[in-house]
Amino acid sequence: MTMGELLYLNGEWMPIREGHVSCEDRGFNFGDGVYEVVRVYGGQPFTMREHLERQVRSAAGLGFEIPLSVEQFEEVLRGLIERSGIEEALIYTQVTRGAAPRNHIFADDMTPTVMAFIRPAPPHPKVWRIEGAGALPCVDNRWNMCHLKTIALLPNILAKNAAHRAGFAEAFFHLEDGTVTEGSASNSYVIRGGEMWTAPLGPKILPGITRTQVMEVAREIGLTVHEETFTLTEAEDADEIIMSASNLELLPIVRLGERSIGKGKIGPVYRRLHEAYRELVRRRCGLAELVPL
Ligand code: PDD
């Protein structure tokens, strides 16, 4: 049976709209949970293990345990792919601390709420890969545990919506002092003189799974990669800016606010990197070819 989408919720399979959780789930009341987004290519989940291991670390960072092992969670994701028959997909996973009468203090005997659903991967605007995209600089006013992938995303979604309303594809987060951190839902990179910079790991950014892959292919194609801080001014003066996420792959940024980046067109490093990234995905997923974006 091929369906448009499918949900796994606490051990049961159902259409997404039939999934219900308690109004006292701590995810709903407090944003007390963690999540992941996994891209599926040709029916093969890409870097699934890395995502699910990060999910375990995120939950541990919040002080709770996911009741499924990584292997069991992998089975759930494979089940979603097989049962839904969706080949080009995004899987969203979410685990919250669970439901209990509302209280800031955690109850002792909470059972985490576990869910994962699959949907066809939505297409990206064609113009992004033809003319490039814009990003809006936004002050990063998030907390100091951005390395945990928690569902509490208010600063991210407010920045992303401000960017969207102003006609930009992403928000480009920087601290008050100008230090660039990442995007609202992506990591960021600048290219200058044939070298690449991306913010170092730490509590100010998410250690993106795609970021690791991007750095690997960057080194493969001979780029020097620096995991070092850089500023908004340095980004504005870069030859190229790129952002990355599992659902986005690599995105060429040709406008930062009102400023054009480099020549204001998609640059050669982005083209080489994205091609190398797609080749890596194709190889790791064991596919003859990838469906074009
Ligand atoms: N976001 N930084 C932030 C703040 C993110 O939310 C994401 C991903 C990334 C990139 O991580 P990865 O390469 O592991 O996908 C970086 C997902 C896609 C989301 O929120 O929908």
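Computed from a prediction, not measured in an experiment: that's the story for all the values here. Per-chain numbering applies: the sequence of each chain, read as written, is numbered from 1 onward. Reporting in this predicted model follows two pLDDT cut-offs: at least 70 for local features of residues, and 80 or more for side-chain atom pairs to be given and counted; totals over whole chains, interfaces and linings ignore these cut-offs and use all residues. With hydrogens and water excluded, all non-hydrogen atoms of the structure serve as input to the side-chain values.

A. View of the packing of helix 6 (residues 209-220) against helix 8 (residues 268-284). Note on method: axes are straight lines fitted to C-alpha atoms, helices fitted across the in-contact stretch only, with angles between N-to-C directions ranging 0 to 180 degrees. Working definition: helices are DSSP H or I runs of at least four residues, strands are E runs of at least two. Numbering for both runs from the N terminus. With their axes 9 Å apart at the nearest point, helix 6 and helix 8 run at an angle of 110 degrees to one another. The orientation of helix 6 relative to helix 8 falls into the category roughly perpendicular. In this structure, the crossing between helix 6 and helix 8 has a hand that is right-handed. Residue-level inspection shows T210, Q213, V214, E216, V217 and A218 of helix 6 in contact with helix 8, the latter providing L273, A276, Y277, L280 and R284. Per-class residue counts for the contact of helix 6 with helix 8 are seven nonpolar, two polar and two charged. Roughly parallel means an angle under 35 degrees; roughly antiparallel, over 145; roughly perpendicular, 65 to 115; everything else is oblique. The handedness criterion is simple: a crossing whose near helix is rotated anticlockwise from the far helix by less than a right angle is left-handed, and one whose near helix is rotated clockwise is right-handed. Throughout, a residue-residue contact means that at least one pair of heavy atoms, one from each residue, lies within 4.5 Å. Only Asp, Glu, Lys and Arg are considered charged in this grouping, and only Ala, Val, Leu, Ile, Met, Phe, Trp, Tyr, Cys and Pro are considered nonpolar; every other residue, Gly among them, is considered polar.

B. Up close: the pattern of salt bridges. We count a salt bridge whenever a side-chain nitrogen from Lys or Arg sits within 4 Å of a carboxyl oxygen from Asp or Glu. A complete count under the given rule lists 17 salt bridges for this structure. A single network of salt bridges, built from pairs that share partners, joins R49, E53, E71 and E74.

C. Molecular detail of the domain arrangement of the chain. For each domain, the first and last residues come from an automatic or database assignment. Split by domain assignment, the chain resolves into domain 1 (6-120) and domain 2 (126-284). When each unit is reduced to the centre of its C-alpha atoms, the spacing between domain 1 and domain 2 is 26 Å. Throughout, the accessible surface (probe 1.4 Å) given up by two parts as they are put together, summed over both, is called the buried area. Between domain 1 and domain 2 lies a buried interface of about 1700 Å² when both sides are counted; carbon and sulfur atoms form 67% of it. Broken down residue by residue, the surface that domain 1 buries against domain 2 is led by Y35, F46 and R54, which jointly contribute 37%. Counting the contacts that link domain 1 with domain 2 gives zero salt bridges. Polar contacts, as used here, are pairs of N or O atoms within 3.5 Å; protein pairs need one atom able to donate a hydrogen and one able to accept it. Residues neighboring in sequence count only if both atoms are side-chain atoms. Here domain 1 and domain 2 share six residue pairs in polar contact (both at pLDDT 80 or more) between them. Elements with a contribution of two residues or more to the side of domain 1 that touches domain 2: strand 3 (33-41), helix 2 (48-62) and strand 5 (89-96).

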